[in-house]
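Commentary on secondary and tertiary structure
So you can see what is in the structure, the chains are spelled out below.
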Amino acid sequence: MRKNILITGASSGLGKGMAKEFAKQGCNLALCARRFELLEQLKAELEQVNPNITISIKVLDVNNHEQVFSVFKAFNEELNGLDRVIINAGMGKGASIGTGYFNANKQTAETNFIAALAQAEAAMEIFRAQNYGHLVTISSISAVRGFRRAMTVYAATKAAITSLSEGIRIDVMNTPIKVSCVHPGFIRSEINEKVKTVPFIVDTETGCKALVKAINKEKANSFVPTWPWSFLHWILRIAPLSTIRKMS
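Residues numbered from 1 in each chain as written. Predicted model: local features only at pLDDT ≥ 70, side-chain atom pairs only at ≥ 80, totals over all residues. Heavy atoms only, no water.

We now examine the pairing of strand β5 (residues 133-138). Among the six residues of β5, six are classified as buried, and the element is accordingly described as predominantly covered. Here strand β4 (residues 84-87) pairs with β5 via four bridges, running parallel. Within β5, the position partnered with I86 by the bridge is V136. Looking at chain direction, β5 and strand β6 (residues 177-184) are connected through six bridges and run parallel. In the strand pairing of β6, T137 is matched with C181. Remark: the β5/helix α5 (residues 151-171)/β6 crossover connection has right-handed handedness. (Buried < 20%, exposed > 50% of the residue type's maximum accessible area, 1.4 Å probe, protein only. Helix = DSSP H or I, 4+ residues; strand = E, 2+ residues; numbered from the N terminus. Pairing = 2+ DSSP bridges. Right-handed = clockwise from strand over helix to strand, strands pointing away.)

A separate point is the nonpolar core. Core analysis: the biggest nonpolar cluster contains 30 residues, and I7, M18, F22, L29, L31, L46 and I86 have the highest contact counts within it. By residue number, the principal contributor to this core is helix α6 (residues 204-217), which donates six residues. Setting aside chain neighbours within four positions, we find L29 in contact with I5, I7, A19, F22, A23, L46, I53, T54, I55 and S56. Counting residues in hydrophobic clusters, the runner-up holds 29 residues, among them C32, V62, I126 and I168. (Core = buried A, V, L, I, M, F, W, Y, C linked by side-chain atoms within 4.5 Å. Contact = heavy atoms within 4.5 Å.)

The strand order across the open sheet formed by seven strands is β3-β2-β1-β4-β5-β6-β7, and the pairing between neighbours is parallel. Single-partner strands in this sheet number two, and they are β3 (55-59) and β7 (221-224). Across this sheet, the average inter-strand angle for adjacent strands is 15 degrees, counted without regard to direction. Here three bridges tie strand β1 (residues 4-8) to β4, and the two strands are oriented parallel to one another. Across the sheet, I7 pairs through a bridge with I86, a residue of β4. Of the strands in this sheet, β1, β2 (28-33), β3 and β4 are in contact with helix α3 (residues 65-78), which crosses β3 at around 165 degrees. (Axes fitted to C-alpha atoms, helices over the stretch in contact; angles between N-to-C directions.)

So, about the environment of S142. If you trace the backbone, S142 turns up in the loop between β5 and α5. Here S142 falls in the buried class, since its relative accessible area comes to 2%. Separated by 12 residues in sequence, S142 and Y154 have C-alpha atoms that sit 8.0 Å apart.

Here T157 is to be found in helix α5. On the basis of relative accessibility, which here comes to 5%, the residue T157 falls in the buried class. Between the alpha carbons of T157 and L211 there is a distance of 20 Å; along the sequence they are 54 residues apart. Those residues in contact with T157, other than ones at most four positions away along the chain, are T108, A109 and N112.

Structurally, S139 can be placed in the loop between β5 and α5. At 2.9 Å, the side chain of S139 forms a polar contact with the backbone oxygen of K158. Excluding residues within four positions of it along the chain, S139 makes contact with K158, I161, T162, C181, V182, H183 and P184. (Polar contact = N/O pair within 3.5 Å; in protein donor to acceptor, adjacent residues only side chain to side chain.)

Because each turn of an α-helix spans 3.6 residues, side chains separated by three or four positions end up pointing in the same direction. Counted at 1.5 Å a residue, the expected span for α6 with its 14 residues is 20 Å, and the 20 Å between its end C-alpha atoms agrees. Among the residues making up α6, those that are buried are G207, C208, A210, L211, V212, A214 and I215. Contacts made by the buried residues of α6 are with α1 (13-24), β4, β5, β6 and β7. Regarding α6, its N-cap is D203, as a side-chain oxygen of that residue lies 3.1 Å from the backbone nitrogen of E205 further along. In the segment just after α6, E218 is the residue with positive phi, at about 60 degrees. (Expected span 1.5 Å × (residues − 1).)

Taken as a whole, this structure holds nine salt bridges when the rule is applied. When the shortest N-O distance is used, the salt bridge between E21 and K24 registers 3.3 Å. Placement of both E21 and K24 in helix α1 is noted, with a separation of three residues, approximately one turn of the helix. A salt bridge links R128 to D171, with the shortest nitrogen-to-oxygen separation between them at 3.0 Å. Here D171 lies in helix α5 and R128 lies in helix α4 (residues 102-130), a separation of 43 residues in the sequence. Note on R128: relative accessible area 47%, which makes it partly exposed. Taken together, the shared-partner salt bridges connect R2, R84 and E218 into one network. (Salt bridge = Lys/Arg side-chain N within 4 Å of Asp/Glu carboxyl O.)

Shape descriptors only; they carry no functional weight alone.
If you want it as structure tokens, here you go:
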């Protein structure tokens, strides 16, 4: 069992939902995010869910790369080792390329990929040193194709996350270090709370239960919830651009 689990972006949305599910399973949690007051509230909630686990919280802006390394190291020392690190922090700002929103697109690119790279580096340094661990990246169903409007850069960063994960997986193949990339479909969270009509969307709790179930299986790649995304992602890969345009 992966007992000590670190989750970034844990103060809300999918990170918070996953923390609750892992708490129910008796896992010790290292939770970090920018908003400390929300982490404090979450810690209090989790202590009610399971008073027998250790919960450590720390402020972390994943775009502060030096802080990423120091926070991961501190968590590792506090819990006497990390069994699993879930790279979850991300954002979805943006607009069509060339429409005057470069700064928003850049912020999404930096947070979703460059910051994720820093988190992967920090986690893998720990795992390599202890010769075990489970690195989990949260990609997206959007990683399988390009999308338009606000999804353009977001989808590109998620495709990069999927590729990065596979590269790391190949690098540590046949070692006690495992690498999983999870591709959520549409799960209601802060990142999409303003989006009204989304196909096959599920509520946060349902989505997070599916995420945790997939993470615990430690497959190389998974698409959640299993229905319909384990099937639909193959359709998306071959769908004509006109269909992709209607979806985004």
